[in-house]
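Survey of secondary and tertiary structure
Spelled out, the chains give:
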Amino acid sequence: MNGAIERFDDRARRRVGAYGRTMVRENELVRHPVYTRVLHWSVAIFFILALLSGFAIYSPWLYRALTPLFGGGPTTRLLHPWFSLGFVIFFAFQILNWLEPMTWTSDDRRWMKQVKSYVTNKEPVEPEYVDFFNGGQKLYFWAIVASAVVFLLSGFPMWFPKTFGRITVDIGYVLHDIAALVMLVGFIVHLYEGTGAQPGTFQAMTRGTVERRWAWTHHPAWYRRATGRDPRTDYEQARQRSSRPPDPTARTDLK
Amino acid sequence: MPSGTLQIKAISAHSGPIPGQGVQREEDVCKYIDVTTCIGCKACEVACVEWNDMPFQQTTFDNTYQTMPATAWNYWNLIKFNEHQRDDGSLMWLMRKDQCMHCEDPGCLRACPADGAIVQYTNGIVDFQQENCIGCQYCVSGCPFDIPKFNSSTKKVYKCTLCSDRVGQGLEPACIKACPTGCLKFGTKTDMRALADARAQQLREHSGFANAGVYDPPSVGGTHVIYVLHDATKPEQYGGLPANPVIPPTYTIWKRAAKPIGLLLALLAAPVAFFHYVMEGPKEPAP
Ligand code: HEM
Ligand code: SF4
Ligand code: SF4
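Throughout what follows, the structure given in this document is the object of discussion. Being a predicted model, the structure only gives us computed values, none of them experimental.

What about the overall build of chain B?
Counting its secondary structure elements, chain B contains eight helices and eleven strands. With the C-alpha coordinates aligned to their principal axes, the bounding extent of chain B is approximately 95 × 45 × 40 Å. In chain B, buried positions account for 56% of the 287 residues. Across chain B, contacts joining residues at least 24 apart in sequence account for 60% of those joining residues at least 6 apart. Surface accessibility of chain B: about 12800 Å² in total, with carbon and sulfur atoms responsible for 56%.

Structure, rendered in structure tokens:
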């Protein structure tokens, strides 16, 4: 099974990759190949369209604000399930693509226990065991998987209520709302983490590369695997070379 | 008899004030249906189809006298023919005119997410406005009486209007006008309720229907269509009239309270992220 998925992913990465390129500048590492980037932004476009058209029929004031974007209420209702299907289909490929790096491990449990120090930027670099994705990223990924399942199971009865019956619609409606709210929170946090919160991250999904500094800061174990070098040593050496004040953690004294 | 322009009391999924609210006070209207004197002639069915200019369609014959198994998007008024066995073994018809009940607290309107697709007038009539309907069919699952019906080619939902177009002009609904036995009457809610109570009492005291009573279910705030039943303790035997019709909690507690609170909490993530940036700053690659 895993072998088949690997073979499929390899072929897809090669085929789609042939249409694009990833330019690696000096001191950079390839983070996301063309295939991953294309999938990510296809998922993102459909997801955002589905989110907006879905929340358009969520409450009266959102209805007024958002339905005009899609040409009015009836077209919003017509388009929403199709946007969602687009999201689910592309995300299915992303699941296959990321199954391996997203697998939950004991390191992720460890990471979750120290999430407070992550949120408060306590350490200049992440713990040495953080690999390609950290626990928070994996949590977001699996939350999307779970929500996609809930969206599908509750969405079809709401799309074809005659076939599925009233009770399924009544229950599905509530589950659909909960999944949408979870996705909204996740999306806001994701948007922030991918842009403002972590300078140098956005280019991972656009140009496909990250700086080496970025890699040993946020994903030391991946840095070790990708370069064969020790992230901590490279970080210390770079720190000594740099002309900046010796320890940026001094900030805690400046509250 | 109410007449003049219909004033709106409630609008589905509407934010902001209701235009003209409270300008005019009106009597609540009510359709009175005495099930005990209905002869099943279907004059009301024909009158409804005629007045509303509805195209006819093929239907299913299911070995009853009923025109079709259930009301349809273009057939809003249906006499349900129920064969009932009395205690002594003899048979009787329980004929019930099935249509929208024009609930005082309408589940359809509560469920509807589209601004102005369902309105309730000050006289109590609940009316669908197809030009605003988005075809989501939430009203179908919100209605305890299984009334709104979807037309898959127009992608809109339809139901009995209680002839709001006639009532607004001071006329009675078409079905009332057509009924030959006088089992249908139309007037103010107060008058019709009094008439129904009197008729039920008559049935109890003089016709041997000890359980005769009026169907005006308080669980939906009362209805603007009321029935006099031979046996008000068993409304289900009249073609599935629910004894205690309830709007699913999905469209009451969940939609009214949980959804807005949930959305507010979810959107809180945005200011939290913003102030995280302001207070903790970005996590730069080190050094
Ligand atoms: C326009 C808004 C978006 C931006 C700016 C954005 C940005 C990014 C970036 C920079 C990464 C790479 C992170 C890394 O390499 O460590 C990423 C990864 C990812 N994106 Fe997005 N993204 C957006 C929308 C979405 C949407 C709508 C979804 C899903 C429905 C999504 C799902 C993911 C997932 C699952 C990952 C991998 C895990 C993670 O990094 O959290 N993204 N995104
Ligand atoms: S019977 Fe159904 S359609 Fe008619 S007003 Fe009540 S909830 Fe709405
Ligand atoms: S289908 Fe029913 S609930 Fe949906 S918009 Fe139309 S009237 Fe409102």
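What follows continues from the structure just given.
Focus on the coordination of the iron atom of ligand 1
All names here are of chain A. H40 (NE2) and H190 (NE2) make up the full set of protein donors to the iron atom of ligand 1, lying at 1.9 to 2.0 Å. Coordination at the iron atom of ligand 1 is octahedral: its six donor atoms span angles of 86 to 178° at the metal. On the criterion of sequence distance, the pair formed by H40 in helix α2 (residues 34–56) and H190 in helix α9 (residues 166–194) is long-range, its members being 150 residues apart.

Focus on empty space enclosed by the protein
All names here are of chain A. With the rule as written, the count across this model stands at eight cavities of 30 Å³ or more. In this structure, the largest cavity encloses a volume near 580 Å³. At the level of secondary structure, the elements contributing two or more residues to the lining of the largest cavity comprise α2, α4 (73–98), α7 (135–159) and α9. If you tally residues by element for the lining of the largest cavity, the top one is α4, at seven residues. Along the lines of polarity and charge, the residues of the lining of the largest cavity split into 19 nonpolar, five polar and three charged.

Looking at the layout of surface pockets
Residue and element names in this part refer to chain A. Here the second largest pocket defines a volume of roughly 480 Å³. Along the wall of the second largest pocket there are 24 residues; nearest its centre are R13, N97, W98, E100 and P101. Secondary-structure elements contributing two or more residues to the lining of the second largest pocket are α1 (2–17), α4 and α7. Of all the elements, α1 adds the most residues to the lining of the second largest pocket, at five residues. Across the lining of the second largest pocket, the residue classes break down as ten nonpolar, six polar and eight charged.

Topic: a positive patch on the surface
On the surface, R7(A), R11(A), R14(A) and R15(A) cluster together to form a positively charged patch. Counting through the fold element by element, R14(A) comes out in helix α1.

Notes on the interface of chain A and chain B
With 50 residues of chain A at the interface, the matching set in chain B holds 44 residues. Both sides together, the interface formed by chain A and chain B hides about 4200 Å², and carbon and sulfur atoms give 62% of it. For chain A, the biggest contributors to the area lost against chain B are R166(A), Y173(A) and Y192(A); these three give 16% of the whole. At the junction of chain A and chain B, the tally comes to two salt bridges. A salt bridge links D177(A) to K259(B), with the shortest nitrogen-to-oxygen separation between them at 3.6 Å. Taken together, chain A and chain B are joined by 21 residue pairs in polar contact (both at pLDDT 80 or more).

Notes on the sheet that holds strand β5 (residues 118–121) of chain B
Residues and elements named next belong to chain B. Sheet architecture is open: three strands sit in the order β1-β5-β6, paired in antiparallel fashion. The open sheet has two free edges, formed respectively by β1 (8–11) and β6 (126–128), since each of these has just one partner strand. Sheet twist, expressed as the average angle between the axes of neighbouring strands with direction ignored, equals 30°. Direction of pairing for β5 relative to β6: antiparallel, over a ladder of three bridges. Paired with V119 across the bridge in β6 is D127.

Describing the packing of aromatic side chains
A complete count under the given rule lists 30 aromatic pairs over all chains for this structure. Look at F156(A) and F160(A): their rings are 6.3 Å apart centre to centre, the planes differ by 20°, and that puts the pair in the stacked class. Exposure remark for F156(A): the relative accessible area of 29% places this residue in the partly exposed category. Ring centres 5.2 Å apart and planes at 65° place the aromatic pair Y173(A) and Y251(B) in the edge-to-face group. Note that Y173(A) is positioned in helix α9 and Y251(B) in the loop between β11 (225–229) and α7 (253–267), a pairing that runs across two chains. No difference in accessibility class separates Y173(A) from Y251(B), as the two residues are buried. The structure contains a cluster of three or more aromatic residues connected by ring pairs, namely F47(A), F87(A), F91(A), W98(A), F132(A), F133(A), F141(A), W142(A), F187(A) and W222(A). The cationic tip of R31(A) hangs over the ring face of W222(A); the distance from NZ or CZ to the ring centre is 4.9 Å. One Lys or Arg, R166(B), reaches over the ring of W51(B) and ends 4.7 Å from the middle of that ring.

Overview of the sheet that holds β11(B)
Residues and elements named next belong to chain B. Across the sheet, four strands lie side by side as β9-β2-β11-β10; this open sheet has mixed pairing. Every other strand in the sheet has two partners, leaving β9 (184–188) and β10 (213–215) as the edge strands with one partner each. With strand direction ignored, the average angle separating the axes of adjacent strands in the sheet is 25°. Bridge count between strand β2 (residues 29–34) and β9: five bridges; the pairing is antiparallel. Paired with V29 across the bridge in β9 is T188. The strands touched by helix α6 (residues 189–206) are β2, β9, β10 and β11; relative to β9, the strand with the most contacts, the crossing angle is about 135°.

Scoring rules and cut-offs
Residues numbered from 1 in each chain as written. Chains lettered and ligands numbered in written order. Predicted model: local features only at pLDDT ≥ 70, side-chain atom pairs only at ≥ 80, totals over all residues. Heavy atoms only, no water. Helix = DSSP H or I, 4+ residues; strand = E, 2+ residues; numbered from the N terminus. Buried < 20%, exposed > 50% of the residue type's maximum accessible area, 1.4 Å probe, protein only. Contact = heavy atoms within 4.5 Å. Areas by Shrake-Rupley, 256 points an atom, 1.4 Å probe, with all protein chains shown as cover. Donors = N, O, S within 2.8 Å, 3.2 Å for Na, K, Ca; no water. Tetrahedral: all angles 85-135°; square planar, octahedral: opposite > 155°, others 65-115°. 1 Å grid on protein atoms, 1.4 Å probe; cavity = no way out; pocket = protein on both sides within 12 Å on 5 of 7 lines; lining within 4 Å. Points joined across faces, edges and corners; volume = space filled by probe spheres on them. Nonpolar A, V, L, I, M, F, W, Y, C, P; charged D, E, K, R; others polar. Patch = residues over 30% accessible without salt bridge, like charges linked within 9 Å, V, L, I, M, F, W, Y side chains within 5 Å. Salt bridge = Lys/Arg side-chain N within 4 Å of Asp/Glu carboxyl O. Lys, Arg positive; Asp, Glu negative; His and termini not counted. Charge placed at Lys NZ, Arg CZ, Asp CG, Glu CD. Buried area = accessible area lost by both parts, 1.4 Å probe. Polar contact = N/O pair within 3.5 Å; in protein donor to acceptor, adjacent residues only side chain to side chain. Pairing = 2+ DSSP bridges. Axes fitted to C-alpha atoms, helices over the stretch in contact; angles between N-to-C directions. Phe/Tyr/Trp six-rings, centres within 6.5 Å; stacked < 30°, edge-to-face > 60°. Lys NZ or Arg CZ within 6 Å of the ring centre and 35° of its normal.

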